[in-house]
Number of protein chains: 2
Amino acid sequence: MKKLKFGLSVIGLAIGMATAGVSTAAPAKGPTLSEKVFEETSLLYFQRCAGCHGVLRKGATGKNLEPESTLTKGQVRLEKIIAYGTEGGMNNFDDIFSKEQIKNLATFIQMEPPVPPEMSLAQMKSFTKEFVAPKDYPTKPLHGRNWKNFFVVIERDAGTAAIIDGDTKEIITHINTGYAVHVIKGTEHHKTEHPKDEVGRFWYTIGRDGKVNKIDLWQTPEKMLVAETKMAYDARDIAVSGDGKYVIAGGYWPPHFVIMDAVTLDPLKVVSTRGYNTKGDYINEARVAAIYTSPIQSSFIVAVKETGQMLQVDYNDLDNLTITSMASAEFLHDGFFDPTGRYFQIAANASNKMVVIDTKTRKLEKMIDVAKLPHPGPGANWIDEECGPVGGTTHLGEGSVSIWGNDPIGHPDQAWKLCYEVETDGPGVFIRTHETSDYVWVDQLKHPEPEVQQSVQVFDKKTHEIVKTIRVTEEEGKAALHMEFNDDGTEVWVSVWNRVDASNPTGEIVVYDAKTLEEKHRIKGLTTPTGKFNVYNRMNHKT
Amino acid sequence: MKKLKFGLSVIGLAIGMATAGVSTAAPAKGPTLSEKVFEETSLLYFQRCAGCHGVLRKGATGKNLEPESTLTKGQVRLEKIIAYGTEGGMNNFDDIFSKEQIKNLATFIQMEPPVPPEMSLAQMKSFTKEFVAPKDYPTKPLHGRNWKNFFVVIERDAGTAAIIDGDTKEIITHINTGYAVHVIKGTEHHKTEHPKDEVGRFWYTIGRDGKVNKIDLWQTPEKMLVAETKMAYDARDIAVSGDGKYVIAGGYWPPHFVIMDAVTLDPLKVVSTRGYNTKGDYINEARVAAIYTSPIQSSFIVAVKETGQMLQVDYNDLDNLTITSMASAEFLHDGFFDPTGRYFQIAANASNKMVVIDTKTRKLEKMIDVAKLPHPGPGANWIDEECGPVGGTTHLGEGSVSIWGNDPIGHPDQAWKLCYEVETDGPGVFIRTHETSDYVWVDQLKHPEPEVQQSVQVFDKKTHEIVKTIRVTEEEGKAALHMEFNDDGTEVWVSVWNRVDASNPTGEIVVYDAKTLEEKHRIKGLTTPTGKFNVYNRMNHKT
């Protein structure tokens, strides 16, 4: 069994937390680890477990792992759970962690959790770097490529973003970003003040280590990385304001969001998201799960996972900052706008609900009961013959797609009610379609069987039936995930991870004909390619 | 030297914190206390020191008292500072604490501060009590008294509020409230929906122990206390919404504000105030210093001491709560509206500034440099012959009153600029006037000399000169503070504390003729009478 290799950016993360004064735990009454092993295991926990269980281990999508819960289970039982998973939704890790690592993790979670440090605005500012001065930005693209059909692709375990030419399928460059980038976002078409032809030119990445990078697609490949900063020790999402002036990123730790100058990445404003959940309990680790920019309001949408609060943040005046906090349900995860851009639809996964907020009235619009642990990823909107405009989500907890009406003006009877459900072979993470396509694509990444995990399914918008199950890869240890259409909707790009050799460029993207559903091309040499962002589709909200 | 006696409510406070699971500190490397003495001293610190230095001892108006700061000073030096005070503004406590208590406090502050527990909305709800059912509230006053000239008077160290008939000067009753009530507020004239003749009928007290009590002035004396709840372990301020539907109270610990049903006191919504200060540093102990209700907007104003954030909280929709956070200066303390009710003027005491916010545009309007440590208490507005409408403040740090123009529409050249300053004999806490009066009254509670501390000064609105220094009391250990006018402005009521016998009814209120400035009456039998609230003046904003 292979040990994980961590890139430089991960070491930087560990150093960053250590030098910032992370307090190591006083040994609890139970088992202990040496200081060195405690630190190694703390990092492993942070990278692989904290996402679901929290840095403070209070539990979120995953269970509470504080000593009061874990000491009664004991070393042997905990090792088994980590190795083989549970019926409750816990993954197996015996193919990823060594026996030694599993043993240490089982011990670590019986000890008091170390509390990571805060990060001040002054610290963030000290991390800001300029690689290309704004005055030296080119005034037109410096390459002859069709940059609006570029794909910006997260290479998760390499800590890089690949820029791929959608026309030629060439990998143009790999850009150093933060570790395990979760999301990349560009400027979008909006009631925008910045030059129309520049929309989609600048892209912003957020690493799991809180590192923010700015990419200029007009540059020559070696100069595309133009600026960098760091706004947290642990982060997940980022967005660009409609006027192109600001970038906002959300921290898992510290639990806050930071608004930066979109030109220089200079951090301007930091706002804590710590607060009370919908039941009125105080949550210290109130993590920003997701951040979006409203296409029709001068607002950011900030989803706070543990508190179930949907924040609408008006970015017109950062010194006198107005935020509406809409109480919804726990735990918020990821979402997407309806086609009009007025309503935002987001998964409250542990509540098995899709939450809908109205960004015009700034009120909770509706909560829709769906299947177990909804997870739409970038989501999908399309037109259904009976229900009119609909949105859909996959689920982490079961092989099912829930589809609901999302047009309260034109189809009030169907709005925010389940229209139909599609049964798939396994639970998935991502759903995707395109306005030109007859089909909706879903992955099945969360199914334990390789055959299912390696297949995506395609269903027909008209018949609601699955028309094809596509085995994207058959190689051992590999899995298929995340679909993205090209600019004109004629191709669908699907990622393939190499789960057991995650940090080497042995992953790929498989390109399918969107009409015939036949394979067209394989783009090799990618390291755990994950989210893929087509410039044209993302800047025009073509989902 | 006398030991402090604590009433039942204080014991309740200690028990409340203990049973809620306050974590006692692990002994630091320095000196330690036995568990019993640690707990006693922790309570003493909380009662007498935490206000300025913070429960977590990070410092605010007072200095940082964490072990890193205190261990280098050492036991002997710390005892001296506690006993005799400092030039920097620290009070002397040798007349209040025993030698043993001073010794223990000096040791306590060299140990790690214990972190008090959180309080959930469910806990708050469990504290709510109904003494008179709303259906049994009388439909007209049950006594023949002129209740609109009642004074509701805080009896600080007794944990009671005295109701005094302003016409007859009789103490009608003493009502059990929280410990050391800081502020009492009633319903005010507003664009109000509740019956006009009921305005000023209900009063709400907030104890230092977070206890909230509702008083009905139409009741017979023994039934005036109609409801109770508790929203924090430590609190300072309270307000009633303009529509009379909600009561809001602010916590020092936990640092949050709570919106309650004004009828039943049922806690409905809790919002954390933890967050970043104006420099971008995270503040865990971000205390609500003051809370007010806007006379012209459907908004509460919440001043967060350590973060310098002025929050305007829209109470129209508690589930979708909109808050504008205006960054101003640290550390916010207390304030008052201008005569139009549009602008709110508040002291940022450690910044030596008066902060002005515009509640209409929800923006910071101005910051005015004033003298050292401004403290206006309830504040004072009047008309100056040259500057037009003005506001004024006393200062904790020096014997000076700063007066500024506050009419940006009618007198734009004078607005938010110092108009003049009046030198007084000593630093004070309260300033007060009335629209019918030629004079402005200030106290000098912060001066160490008994003669000055026992005198209030009166200056002329026209000449700007001090016309009289009134020695309110000459008794040893007594001090004069806080002025309030009666309903028609013909009398000024001044409080007298017995500092050394604070918990017995040996304090008094001295009533002066507002025109001749001669003494008219002494109301005896009061325990440390502090803030006094005349029903008519407070409900009509007559300052």
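Parameters at a glance
Residues numbered from 1 in each chain as written. Chains lettered and ligands numbered in written order. Predicted model: local features only at pLDDT ≥ 70, side-chain atom pairs only at ≥ 80, totals over all residues. Heavy atoms only, no water. Helix = DSSP H or I, 4+ residues; strand = E, 2+ residues; numbered from the N terminus. Rg over C-alpha atoms; globule rule 2.2 N^0.38 Å. Buried < 20%, exposed > 50% of the residue type's maximum accessible area, 1.4 Å probe, protein only. Axes fitted to C-alpha atoms, helices over the stretch in contact; angles between N-to-C directions. Parallel < 35°, antiparallel > 145°, perpendicular 65-115°, else oblique. Contact = heavy atoms within 4.5 Å. Nonpolar A, V, L, I, M, F, W, Y, C, P; charged D, E, K, R; others polar. Pairing = 2+ DSSP bridges. Expected span 1.5 Å × (residues − 1). Polar contact = N/O pair within 3.5 Å; in protein donor to acceptor, adjacent residues only side chain to side chain. Bend = angle between axes of the 7 residues up to and from the residue. Salt bridge = Lys/Arg side-chain N within 4 Å of Asp/Glu carboxyl O. Buried area = accessible area lost by both parts, 1.4 Å probe. Least-squares fit on C-alpha atoms with pLDDT ≥ 70 in both. Left-handed = near helix turned anticlockwise from the far one by under 90°. Core = buried A, V, L, I, M, F, W, Y, C linked by side-chain atoms within 4.5 Å.

Here we come to the overall build of chain A. The helix and strand inventory of chain A stands at 8 helices and 35 strands. The C-alpha atoms of chain A give 22 Å as radius of gyration, which agrees with the globular expectation for 543 residues (24 Å, within 12%). Projected onto its principal axes, the C-alpha coordinates of chain A cover approximately 60 × 55 × 45 Å. Here chain A holds 543 residues, and the buried ones make up 64% of them.

Next up on the list: the packing of helix α2 (residues 35-48) of chain A against helix α5 (residues 99-108) of chain A. Residue and element names in this part refer to chain A. The N-to-C vectors of α2 and α5 enclose an angle of 90 degrees; their axes lie 10 Å apart at closest approach. Put simply, α2 runs roughly perpendicular to α5. Across the interface between the two elements, Val 37, Phe 38, Thr 41, Ser 42, Leu 44 and Tyr 45 from α2 touch Gln 101, Asn 104, Leu 105 and Phe 108 from α5. Across the contact of α2 with α5, the residue classes break down as 6 nonpolar, 4 polar and no charged.

Residues and elements named next belong to chain A. Judged by pairing direction, the sheet is antiparallel, and its 4 strands sit side by side in the order β9-β10-β11-β12 without closing on themselves. The open sheet is flanked by β9 (234-240) and β12 (267-272), the only strands paired with a single partner. Pairwise comparison of adjacent strand axes, ignoring direction, gives a mean angle of 20 degrees for this sheet. Here 5 bridges tie strand β11 (residues 256-261) to β12, and the two strands are oriented antiparallel to one another. The residue of β12 that forms the bridge with Val 258 is Val 270.

To continue, consider helix α2 (residues 35-48) of chain B. Its 14 residues place the ends of α2 of chain B 20 Å apart at the C-alpha level, agreeing with the 20 Å of an ideal helix rising 1.5 Å per residue. Those residues of α2 of chain B lying buried are Phe 38, Thr 41, Ser 42, Leu 43, Leu 44, Tyr 45, Phe 46, Gln 47 and Arg 48 of chain B.

Residue and element names in this part refer to chain A. Cis geometry marks the peptide bond from Trp 253 to Pro 254; its omega dihedral reads -10 degrees. Looking at the secondary structure, you find Pro 254 in the loop between β10 (246-253) and β11. The omega torsion of the bond from Glu 330 to Phe 331 falls at -15 degrees, within 30 degrees of zero and hence cis. As for its position among the elements, Phe 331 is in the loop between β18 (320-327) and β19 (332-337). The phi dihedral of Ala 180 is positive, around 45 degrees, even though this residue is not glycine. Checked against the element boundaries, Ala 180 lands in the loop between β4 (171-176) and β5 (183-186). The buried category is assigned to Ala 180, whose relative accessible area is 7%. A positive phi is found at Trp 416, a non-glycine position, where the angle reads about 60 degrees. Along the chain, Trp 416 falls in the loop between β25 (400-405) and β26 (418-423).

What follows is about the environment of Thr 322 of chain B. Its location among the elements puts Thr 322 of chain B in strand β18 (residues 320-327). Residue class for Thr 322 of chain B comes out buried when judged on its relative accessible area of 17%. Discounting chain neighbours no more than four positions away, the residues touching Thr 322 of chain B are Thr 322, Ile 323 and Thr 324 of chain A together with Gln 312, Val 313, Asp 314 and Arg 362 of chain B. Within the structure, the side chain of Thr 322 of chain B is placed 2.6 Å from the side chain of Thr 324 of chain A, a separation counted as a polar contact.

Residue and element names in this part refer to chain A. Between its first and last C-alpha atoms helix α4 (residues 67-84) spans 21 Å; for 18 residues at 1.5 Å apiece the expected length is 26 Å, and the helix comes up short by more than 12%. Gly 74 marks where α4 bends most, by close to 100 degrees. For α4, the full list of buried residues reads Pro 67, Thr 70, Gly 74, Leu 78, Ile 81, Ile 82 and Ala 83. Looking at the packing, one finds that the buried side of α4 touches α5. Taken from the residues just after α4, Gly 85 is the one with a positive phi, measuring 75 degrees.

A word on the sheet that holds strand β28 (residues 439-442) of chain A. Residues and elements named next belong to chain A. The antiparallel open sheet is built from 4 strands, whose spatial order is β27-β28-β29-β30. Among the strands making up the open sheet, the edge pair consists of β27 (431-432) and β30 (466-471). In the sheet, β27 pairs with β28 via 2 bridges, with the strands oriented antiparallel. Across the sheet, the residue bridging to Arg 432 is Trp 441, located in β28.

The next thing to look at is the pattern of salt bridges. Following the criterion strictly, the structure yields 65 salt bridges over all chains and no others. Residue Asp 234 of chain A is joined to Arg 236 of chain A by a salt bridge in which the shortest nitrogen-to-oxygen separation is 2.7 Å. Using a relative accessible area of 0% as the deciding quantity, one classes Asp 234 of chain A as buried. A salt bridge links Glu 198 of chain B to Arg 201 of chain B, with the nearest nitrogen and oxygen atoms 3.4 Å apart. Exposure remark for Arg 201 of chain B: the relative accessible area of 2% places this residue in the buried category. Taken together, the shared-partner salt bridges connect Glu 508, Glu 519, Arg 522 and Lys 524 of chain A into one network.

The next thing to look at is the interface of chain A and chain B. Each partner contributes residues to the interface: chain A has 30 residues there, and chain B has 30 residues. Taking both sides of the interface into account, the surface hidden between chain A and chain B amounts to around 2,100 Å²; carbon and sulfur atoms contribute 46%. When the buried area of chain A at its contact with chain B is split by residue, Tyr 276, Tyr 282 and Asn 320 of chain A rank highest and sum to 28% of it. In this assembly, chain A and chain B are joined by 2 salt bridges. Here chain A is connected to chain B by 17 residue pairs in polar contact (both at pLDDT 80 or more).

Its rotation angle being 180 degrees, the transformation that places chain A on chain B also includes 0.0 Å of axial translation and leaves an RMSD of 0.0 Å. Here the two chains are linked by the operation of a two-fold rotation axis. Relative to the rotation axis, the C-alpha of Ile 323 of chain A is the closest in chain A, positioned 2.7 Å from it. Mapped onto chain B, 100% of the interface residues of chain A are again interface residues, and the two copies thus contact each other with one and the same surface.

Before going further, it helps to examine the pairing of strand β31 (residues 478-485) of chain A. Residue and element names in this part refer to chain A. Burial analysis of β31 places 8 of its 8 residues in the buried class, the great majority of the element. Of the strand pairs in this sheet, β31 and strand β32 (residues 491-498) are connected by 7 bridges, and their pairing is antiparallel. In the sheet register, Leu 481 faces β32, and the bridge partner there is Ser 495. Here β31 hands over to β32 after 5 residues, with Gly 489 in that stretch at a positive phi of 80 degrees.

As a further point, take the packing of α4 of chain A against α5 of chain A. All names here are of chain A. The contact between α4 and α5 brings their axes to 9 Å, and the two run at 120 degrees. Looking at the two axes, α4 sits oblique to α5. Crossing of α4 against α5: the hand is right-handed. The residues of α5 that touch α4, namely those facing Gln 75, Leu 78, Glu 79, Ile 82 and Ala 83, are Ile 102, Lys 103, Leu 105, Ala 106 and Thr 107. Broken down by class, the residue content of the contact of α4 with α5 amounts to 6 nonpolar, 2 polar and 2 charged.

Once that is clear, we can look at the nonpolar core. Membership of the largest hydrophobic core comes to 100 residues, with the highest contact counts inside it found for Met 231 of chain A together with Met 231 of chain B. The contact partners of Met 231 of chain A, leaving out residues within four places of it in the chain, are Met 119, Met 124, Ile 206, Gly 210, Val 212, Ala 249, Gly 250, Gly 251, His 256, Val 258 and Met 260 of chain A.

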